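For reference, the chains in residue letters:
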Amino acid sequence: ASATVTIGAGQSLITFVTSGPPRPCKVLAVTGLTLLSARSAIVKNGCSVGRVRRVYSRTTKAGRVISQYPRRGTTLSHGAPVDVVVSRGPR
């Protein structure tokens, strides 16, 4: 929906545009992605990046997401945090 408001003698025009209620946070699978890609995917889907923990891993390349919480497929309120664990690589 949009509304147009004219101020003064018609010399200034201000348009307000609303997009309705915020869309919910839909958690995608971000495991295996780089932290940068994971952050982008999380925010793009109406969520926010929560706690980022870094741990050593022999099986996952450094900088890649090992796990996430909540799990993929979870629907939360807009802006809800998604926590991720990122690999530091092997010790």
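Residues numbered from 1 in each chain as written. Predicted model: local features only at pLDDT ≥ 70, side-chain atom pairs only at ≥ 80, totals over all residues. Heavy atoms only, no water.

A. Structural detail: the packing of aromatic side chains. Applying the stated criterion to the full structure yields 0 aromatic pairs. In this arrangement the basic side chain of arginine 88 is found over the ring face of tyrosine 56, its NZ or CZ atom lying 5.4 Å from the centre. (Phe/Tyr/Trp six-rings, centres within 6.5 Å; stacked < 30°, edge-to-face > 60°. Lys NZ or Arg CZ within 6 Å of the ring centre and 35° of its normal.)

B. Just the state of the cysteines, in detail. All chains considered together, the criterion is met by 1 disulfide. Cysteine 25 shares a disulfide with cysteine 47; S-S distance 2.0 Å. Between cysteine 25 and cysteine 47, the S-S torsion sits near 95 degrees, and that sign places the bridge as right-handed. Taken together, the residues cysteine 25 in strand 3 (residues 25-26) and cysteine 47 in the loop between helix 1 (35-44) and strand 4 (48-55) connect sequence positions 22 residues apart. Across the pair, exposure class does not vary: cysteine 25 and cysteine 47 are buried alike. (Disulfide = S-S within 2.5 Å. Helix = DSSP H or I, 4+ residues; strand = E, 2+ residues; numbered from the N terminus. Buried < 20%, exposed > 50% of the residue type's maximum accessible area, 1.4 Å probe, protein only.)

C. Quick peek at unusual backbone geometry. Cis geometry is found at the peptide bond from tyrosine 69 to proline 70, where omega equals 0 degrees. Relative to the assigned elements, proline 70 resides in the loop between strand 5 (65-69) and strand 6 (75-76).

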